[in-house]
Amino acid sequence: SWTNMSHENKVLFMGQGTKDFNPSPLRNNIEKDFDDKTMKYGSKCLDFEESFDNLVASSGSVYITMSSKNAGTTFHSFVKNCGGIYDTKDGHRDTSVLHTLSVEERSNVFTENYHIPKILTSHVVQDTPLIRLFEQTPRDSLIIYSHREETSRIISAARHIITEICAGRREDFPATEYEVHETKNECVFNEAAITDLILQPHRQELEGGAFNVMTCKFYEAIEDNFPRMVFMNYKQVDQVLKVLSKHHCPENMSRSFHKNSANSAIKKDIDILVKLRKDGELVPLEDWLEVKRDKIEWTFDYKAFDQCKAKTRKMEDDLFACKDEIIQVTGDTSY
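The rules behind each value
- Residues numbered from 1 in each chain as written.
- Predicted model: local features only at pLDDT ≥ 70, side-chain atom pairs only at ≥ 80, totals over all residues.
- Heavy atoms only, no water.
- Helix = DSSP H or I, 4+ residues; strand = E, 2+ residues; numbered from the N terminus.
- Buried < 20%, exposed > 50% of the residue type's maximum accessible area, 1.4 Å probe, protein only.
- Contact = heavy atoms within 4.5 Å.
- Areas by Shrake-Rupley, 256 points an atom, 1.4 Å probe, with all protein chains shown as cover.
- Pairing = 2+ DSSP bridges.
- Disulfide = S-S within 2.5 Å.
- pLDDT = per-residue confidence, 0-100.
- Axes fitted to C-alpha atoms, helices over the stretch in contact; angles between N-to-C directions.

Trainee: Could you give me a rundown of the overall build of the chain, with the residues and numbers involved?
Mentor: From N to C terminus, the chain includes 15 helices and 12 strands. Every one of the 335 residues in the chain was classed for burial, and the buried ones make up 49%. Counting only contacts in the chain whose residues sit at least 6 apart along the sequence, the fraction spanning at least 24 positions is 72%. Of the roughly 17,600 Å² that the chain leaves accessible, carbon and sulfur atoms contribute 47%.

Trainee: Report on the pairing of strand β6 (residues 142-147), specifying residues and quantitative values.
Mentor: As a general feature of sheets, a regular strand has side chains that alternate between the two faces. The element β6 is largely enclosed, with a buried count of six among its six residues. Burial along β6 is two-sided: L142, I144 and S146 and I143, Y145 and H147, pointing in opposite directions, are all buried. The pairing of strand β2 (residues 62-66) with β6 spans five bridges and is classified as parallel. In the sheet register, Y63 faces β6, and the bridge partner there is I143. Direction of pairing for β6 relative to strand β9 (residues 228-233): parallel, over a ladder of six bridges. In the strand pairing of β9, S146 is matched with M232.

Trainee: An account of the state of the cysteines is requested, with residue identities and associated values reported.
Mentor: Applying the stated criterion across every chain yields a total of four disulfides. Each sulfur of the disulfide joining C82 and C249 lies 2.1 Å from the other. Judged by the sign of its S-S torsion, about -105 degrees, the bond between C82 and C249 is left-handed. Of the two residues, C82 is situated in the loop between α4 (72-80) and β3 (85-87) and C249 in the loop between α11 (237-248) and α12 (261-264); the sequence distance between them amounts to 167 residues. Across the pair, C249 and C82 agree in class, each one buried. A sulfur-sulfur distance of 2.0 Å marks the disulfide that ties C166 to C187. Disulfide C166 to C187: torsion about the S-S bond roughly -75 degrees, handedness left-handed. Here C166 is found in helix α7 (residues 150-166), whereas its partner C187 is found in strand β8 (residues 186-190), with 21 residues between them in sequence.

Trainee: A description of the confidence of the model for the chain should follow, citing residues and the corresponding values.
Mentor: On average, the chain scores 83 in pLDDT, and the residues at 70 or more come to 81%. pLDDT under 50 marks residues 5-35. Its contacts with residues more than four places away, or in other chains, come to 33 contacts. Taken as a whole, residues 262-266 scores under 50 in pLDDT and shows 11 contacts with residues more than four places along the chain or in a different chain.

Trainee: I'd like a description of the environment of E286, backed by residues and values.
Mentor: Structurally, E286 is set in helix α13 (residues 285-292). For E286, a relative accessible area of 41% puts it in the partly exposed group. Residues E286 and D271, 15 residues apart in the sequence, show an inter-C-alpha distance of 9.8 Å.

Trainee: Can you explain the pairing of β8? Please cite residues and give values.
Mentor: Summarising burial for β8: four of the five residues are buried, a large majority. The antiparallel pairing of strand β7 (residues 178-181) with β8 creates a hairpin that spans four residues between the two strands, and N185 there sits at a positive phi of about 55 degrees. In this sheet, strand β10 (residues 271-275) lies alongside β8 in parallel orientation, the contact comprising five bridges. Counted as the bridge partner of N190 is K275 from β10.

Trainee: Pulling in residues and values, what's your account of the sheet that holds β10?
Mentor: What the four strands build is an open sheet, ordered β7-β8-β10-β11; its pairing is mixed. One side of each edge strand has no neighbouring strand; the edge strands of this open sheet are β7 and β11 (282-284). Along the sheet, successive strands turn relative to each other by an average axial angle of 25 degrees, direction set aside. Bridge analysis of β7 against β8 gives four bridges, and the strand direction is antiparallel. Directly across from E179, in β8, lies its bridge partner V188. Across the sheet, α7 touches β7, β8 and β10, and the angle it forms with β8 is around 120 degrees. Across the face of the sheet, helix α8 (residues 191-198) comes into contact with β8 and β10 while running at roughly 65 degrees to β8.

Written out as structure tokens, the structure reads:
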């Protein structure tokens, strides 16, 4: 009976505190997670000085996920240098994409590595890998999602693709759709190529944004599983890496892992121009993107998918209202 049960067995049986014995350290950590500022939609506003630091210190494995153009390259570089390399069955050494692998591939990594990296990261293009993390990781696992407002992400992705094409890094793109004038330091892009071959929602870096990742099923899985989950503004990547370094690879505390693949792809002084379909006028790419930015998603049906946009906007309201722009899901979260 409960009355005759030993203190140790009560701990094993309940897994949490009762009046006659101390709660487990994990239980203490969970309770402390709700002490800081609560945002409008129930998120907990974290800070890098204390609360996020404490969260990382009390967590087990860390999974960092993001859609494209959300500091993924920087996170990947960091994890590679923070013990995130593992062996595969075919003899290759891979880096930090474990949670997107198939069951068979994960099983192979599980047996090929006695120590599986504590920090794993990967881009995601759909909701399934994240939902699997919510459902199949221990309660002390920390899941970090690097987020960017969707229109900003789309503009950044389009700019990145066009810049890389002008740099000659996309050999599969039709050479007839753009011209590089090295003597003038300019790259001229046909507008039709941008609209027909680049801005489609399932093309390259444009794929896998909020419309494919942050779906209704994504939010339902958060509610059903209550993961230890953090949303962060992608711009806070350096602050997040500083805390992760402190607890997982302190030798990297002074290193910079920040990457900007678009800027490194081409000379910074080259001008990218768009040749308008209507009259052939040349306009700077940045001007073209600014004029078109608020019509891209509507024109190309980016929102014609299963998603709960209201929930994403509530999350963003909490995220961008938090001073350090990093929030944790709580039991009171209403998105």
